[in-house]
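Geometric and topological summary
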Amino acid sequence: MARELWEGNQAIAESAIRAGLEAYFGYPITPQNEILEWLSRRMPELGRPFVQAEAELGAINMVYGAACTGARVMTSSSSPGISLMMEGLSYIAGTEIPMVLVNVMRGGPGLGNIAPSQADYNQICKGGGHGDYHPIVLAPASVQEAVDLMPVAFDLAEKYRTIACVLLDGSIGQMMEPIELPAMRELKRTPFPWATTGAKDRKRRILTSIYLEPLDEEKTNLRLLNRWKDVQANELRNKEYYLDDAEIVVIGFGTAGRIALSAVRTARAQGIKVGLFRPVTVAPYPYQRVAELASKAKVLLVVEMNSGQMLEDVRLAVNGHTPIEFYGRLGGVVPFPDEILGEIQRVSKVTPKVVDDPAAVWLKSMNASTK
Amino acid sequence: MASLAIPENLVYERPESFTDAPTHYCPGCTHGVAHRLVAEVLDEMNLTERTIGVAPVGCAVFAYNYFATDFVEAPHGRAPAMATGIKRVQPNSIVFTYQGDGDLASIGMGEIVHATARGENITVIFINNANYGMTGGQMAPTTLPGMKTTSSPNGRDVELQGYPIRMAEMLATLDGAGYIVRRSLHDPKNIRLAKKAIRIAFEVQNRGLGFSLVELLSTCPSNWDISPVESLKFVEERMIPYYPLGDYKVSPAIASMKVG
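Residues numbered from 1 in each chain as written. Chains lettered and ligands numbered in written order. Predicted model: local features only at pLDDT ≥ 70, side-chain atom pairs only at ≥ 80, totals over all residues.

1. Here we look at the pairing of strand β15 (residues 324–328) of chain A
Both faces of the sheet carry side chains from a regular strand, because those side chains alternate between them. Residues and elements named next belong to chain A. Within β15, five of the five residues are buried, which leaves the element mostly enclosed by the surrounding structure. Residues of β15 alternate between two faces, with I324, F326 and G328 on one and E325 and Y327 on the opposite face, all of them buried. For strand β14 (residues 299–304) and β15, the ladder comprises five bridges, and the chain directions are parallel. Each residue of the ladder has a partner; that of L300, found in β15, is I324. In this region the chain leaves β14, passes through helix α11 (residues 309–318) and returns to the parallel neighbour β15; the handedness of that crossover is right-handed. (Buried ≥ 20, exposed ≤ 12 C-beta atoms within 10 Å, placed from the backbone. Helix = DSSP H or I, 4+ residues; strand = E, 2+ residues; numbered from the N terminus. Pairing = 2+ DSSP bridges. Right-handed = clockwise from strand over helix to strand, strands pointing away.)

The following block contains the structure:
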């Protein structure tokens, strides 16, 4: 198939359709409206359900109901809307049914703004709703990668009976890039042995997240945890650039990782031995690979569009063995490649030390520069 | 020799749409009656295998234990949204929610109003017993003026706590509503009328005629702190005057429908 110029949000929506999206339920919020709008036209065209719900609460619970039948379903939203969906996400996790969530982050907290941000990393990667559970979180850095991850998200969600989230920000959602879309898959519902489809010629089924007896709830929690261990063991995805001889390893996901790659290329041209590690699965996090890279590097430079949320995972992986530096922009500010290049150049010139809190060093310089 | 055995005349049995699980409801509560009416209707219409129920949060949270159909359990108030999701991907299934007044008229107000407005082809059984039963008898949106509850210990003061909400009347104003009625479970005659309404509601869904809701005035002797008999009297004398029984919306296609 020929490469075509597509907007990120629309391409994500079309990719979901081609991955066998059977129904979509959503609510408008910027900067992901084009997903909802695209599907409002395409789904009826294909005879598939599309409902614009009264709120994110309604949307996620429509997804919950439809997912109980084993249908491939998804919703999409942005930061304040995702917060509203947390109730339903927790129930879906507790009921152990698959769904896909597209989470197009924007600046926060509160109403914040509609600019690209990565400030909801902790919210989605660490569970978000109440209770002990982990969604799978995939973070693309381009429209093509987002398109490629949509079928992966559906497959993983069904394989592990879990929530799979494609986590991006408004810049990837709204930029236009040449992409190749996947072929249209046949729309075919898997007859899962747990799906509530009507008890015809079989025993009736109940889907619920309630386990009144704590020992039963503990068993459920352990089942979720063991499933998560399988995900951790089998489903890690990363992108690595110029890491063979890298003394400085830049780590960033999504848009921050993409911008860092430009900076890394320029720094390489200047003779700096720097590479980029870009986790694609941010949950589960590739702790082991980060630890391996850290063991060979002089210093790690973590770059994020938040105050250092993934930094915590890097610190956990490195466990104080390698110095870590941090650079972040907040509130919807997107760093320029030159800013990250400056950080790479700075780091290349100093003898890095292991410090207690890399983000504190960054905060000091941020405070000084914004005075 | 002539047989002495009296021919069996079966007048009452457990509906096939019921499981054999004993219910957890308090003595004198009308949830059991409402459950039974739904189960009888599912039996009569031969819908058990096609039905997916949506349980609420509230006293009926365990409704899934009692019906012999597939069942899901919704977050508090969200049953109409879950039912929407199920029905949209399985239009040939029969999907019903069973919700109390705290669930439907308070936290779930958005979901029920919009499911009605969309004309979702689902059936809602709405139990109005004027309080939050499961959590111990707090004030509900349906609690009558002056009625004492654990969170309105001096009686509901409408100046401070507002007025009760008449859901059937309110939802009937929406163009998406197909069949919206209020019935009561306080005596055998009214129970029979309630059953007929539930039958019509499921017929409406089965024939694809739109959104149907049956509000059932119900008792809560435990939290009202009166006997089951006094509770039935309370429904008749106190609740019905505030919540008049009747048909609030019967769309023309449904009015001409023959049931039986």
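Resuming the write-up.
2. Details of unusual backbone geometry
All names here are of chain A. Cis geometry is found at the peptide bond from T30 to P31, where omega equals 10°. Tracing the sequence through the fold places P31 in the loop between β2 (23–26) and α2 (33–45). Cis peptide bonds are those with omega within 30 degrees of zero, and the linkage from A283 to P284 qualifies with 0°. Tracing the backbone through its elements, the reader meets P284 in the loop between β13 (281–283) and α10 (287–296). Although it is not a glycine, N319 sits at a positive phi angle of roughly 55°. Looking at where N319 falls in the secondary structure, it is placed in the loop between α11 and β15. By the C-beta count within 10 Å, which is 10 here, N319 ends up exposed.

3. Regarding the nonpolar core
One finds M99(A), V250(A), L300(A) and I125(B) to be the most contacted residues of the largest nonpolar core, which totals 196 residues. The element best represented in this core is helix α6 (residues 143–160) of chain A, accounting for ten residues. Both domains that furnish three or more residues to this core are identified here as domain 1 (4–234) and domain 2 (238–369) of chain A. (Core = buried A, V, L, I, M, F, W, Y, C linked by C-beta atoms within 7 Å. Domains from an automatic or database assignment.)

4. Looking at the interface of chain B and chain A
Contacts between the two partners involve 28 residues from chain B, matched on the other side by 34 residues from chain A. Put simply, the parts of the chain that give the side of chain B that touches chain A at least two residues each are β1 (51–55), β2 (70–73), α2 (79–89) and α4 (109–117) of chain B. Looking at the side of chain B that touches chain A element by element, the count peaks at eight residues for α2(B). When its residues are assigned to classes, the side of chain B that touches chain A shows 13 nonpolar, eight polar and seven charged. The pairing of strand β9 (residues 206–207) of chain A with β2(B) spans two bridges and is classified as parallel. Across the sheet, I206(A) pairs through a bridge with F71(B), a residue of β2(B). (Contact = placed C-beta atoms within 7 Å. Nonpolar A, V, L, I, M, F, W, Y, C, P; charged D, E, K, R; others polar.)

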